[in-house]
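What follows is each chain in one-letter form.
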Amino acid sequence: VVEQPPLERAQAIYRSFLERVPYENLSNNRAVAESPDDPDHWPRATDRLLRENADLGLGGTSFSMAYALRDLLHGVGANAHCTLGRNLVTEQVYAAVVAYAEEVGLLYDPGLLASGPVPVRPGGTLRDPLGTLRLVPRAGATLTLTVSLHDLPGHRAIASLVPLPVPPQRFRQAWVASFHRGRPQPLRLARRQGDVIRRYHERHRRVEFLTPR
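One structure accompanies this document, and this report is about it.

What counts, and at which threshold
- Residues numbered from 1 in each chain as written.
- Predicted model: local features only at pLDDT ≥ 70, side-chain atom pairs only at ≥ 80, totals over all residues.
- Heavy atoms only, no water.
- Helix = DSSP H or I, 4+ residues; strand = E, 2+ residues; numbered from the N terminus.
- Rg over C-alpha atoms; globule rule 2.2 N^0.38 Å.
- Buried < 20%, exposed > 50% of the residue type's maximum accessible area, 1.4 Å probe, protein only.
- Areas by Shrake-Rupley, 256 points an atom, 1.4 Å probe, with all protein chains shown as cover.
- Lys, Arg positive; Asp, Glu negative; His and termini not counted.
- Charge placed at Lys NZ, Arg CZ, Asp CG, Glu CD.
- Phe/Tyr/Trp six-rings, centres within 6.5 Å; stacked < 30°, edge-to-face > 60°.
- Polar contact = N/O pair within 3.5 Å; in protein donor to acceptor, adjacent residues only side chain to side chain.
- Contact = heavy atoms within 4.5 Å.
- Salt bridge = Lys/Arg side-chain N within 4 Å of Asp/Glu carboxyl O.
- Pairing = 2+ DSSP bridges.
- Axes fitted to C-alpha atoms, helices over the stretch in contact; angles between N-to-C directions.

### With respect to the overall build of the protein chain
(1) Moving on: Each helix and strand counted, the protein chain has 5 helices and 12 strands in total.
(2) Moving on: What you see for the protein chain is a C-alpha radius of gyration of 17 Å, in line with the 17 Å of a compact globule of 213 residues.
(3) Moving on: In terms of overall dimensions, the protein chain has a C-alpha envelope of 45 × 40 × 40 Å along the principal axes.
(4) Moving on: Each of the 213 residues in the protein chain was classed as buried or not, and the buried ones make up 43%.
(5) Moving on: Accessible area for the protein chain stands at about 11300 Å²; split by element, carbon and sulfur atoms hold 53% of it.
(6) Moving on: In the protein chain, 27 side chains carry a positive charge and 21 a negative one; their mean positions are 6 Å apart.

### A word on the packing of aromatic side chains
(1) Moving on: One pass over the full model with this rule turns up 7 aromatic pairs.
(2) Moving on: Residues Tyr67 and Phe171 carry aromatic rings whose centres are separated by 6.4 Å and whose planes lie at 20° to one another, so their mutual orientation is stacked. Pair noted here: Tyr67 is in helix α4 (residues 62-75) and Phe171 is in helix α5 (residues 168-177), with a separation of 104 residues, a long-range link.
(3) Moving on: Since its relative accessible area comes to 4%, Phe171 is described here as buried.
(4) Moving on: Ring-pair connections join several aromatic residues into one group, and the members of that group are Phe63, Tyr67, Phe171 and Trp175.

### Description of the side chain of Ser62
(1) Moving on: Relative to the elements of secondary structure, Ser62 occurs in helix α4.
(2) Moving on: Engagement of the side chain of Ser62 in a polar contact is seen with the backbone nitrogen of Ala95, the distance being 3.1 Å.
(3) Moving on: Setting aside anything within four residues of it in sequence, one finds Ser62 in contact with Tyr23, Tyr94 and Ala95.

### Here's the deal with the pattern of salt bridges
(1) Moving on: Within this structure, the stated rule accounts for 8 salt bridges.
(2) Moving on: The partner of Arg48 in a salt bridge is Glu52, with the nearest N and O atoms 2.8 Å apart. A residue pair is termed a helical-turn pair when its members lie 3 or 4 positions apart in one helix, as Arg48 and Glu52 do in helix α3 (residues 46-56) at 4 residues.
(3) Moving on: Classification of Arg48 as partly exposed rests on a relative accessible area of 21%.
(4) Moving on: The shortest N-O distance in the salt bridge between Glu208 and Arg206 comes to 3.3 Å.
(5) Moving on: Note on Arg206: relative accessible area 45%, which makes it partly exposed.

### Let's talk about the sheet that holds strand β7 (residues 131-139)
(1) Moving on: On the basis of which strands lie adjacent, the open sheet formed by 8 strands has the order β5-β4-β3-β2-β9-β8-β7-β6 and antiparallel pairing. Each end of this open sheet is capped by a strand with a single partner; those strands are β5 (118-119) and β6 (125-128).
(2) Moving on: Along the sheet, helix α1 (residues 6-20) contacts β3 (93-101) and β4 (104-108); its crossing angle with β4, the most-contacted strand, is approximately 5°.
(3) Moving on: Along the sheet face, α4 touches β2 (79-87), β3 and β4 and points at about 15° away from the line of β3.

The following block contains the structure:
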């Protein structure tokens, strides 16, 4: 059996992960409700995320998804690390994964449900069947991740980040800080199956479908 090249192995793991693990914040609300006075128990590590996915169909937000994806990529020999950025829509810190293979840096953003990684360089582009993602220079080493959906005009800036590995302690601190400590956040759900994304936001009370042009 001929072993797959590193980039193909990483992409196979990533697409399998997207097909099985939804983006949702219900698990965050549950974690806080179960241990309201113990923030150290709120983050769900890889084993718990995968177990709850198999048993309950749960997934997670960008932090738990990035953390689990990094571990799964490690399992196929990828040099993968968690990284942090700022969501320019919500103004919240979010997580993603940066991996290095064949001297190429790749940004995997499972919370965004992109079909693959964006090459880590100014102008790095992913042409997804649902639209185009691009890393645009901002200032210094900071890059802006933009998205252009096929059915909408123009490019929308959705995140700002320096796509480099983040120390574990800093990542965990940002992860704990991402939880809402008071009233549960409005439910958000999104899942990609093939080239269709279904998403729901309790505040808007509607299900949206993103499909190829």
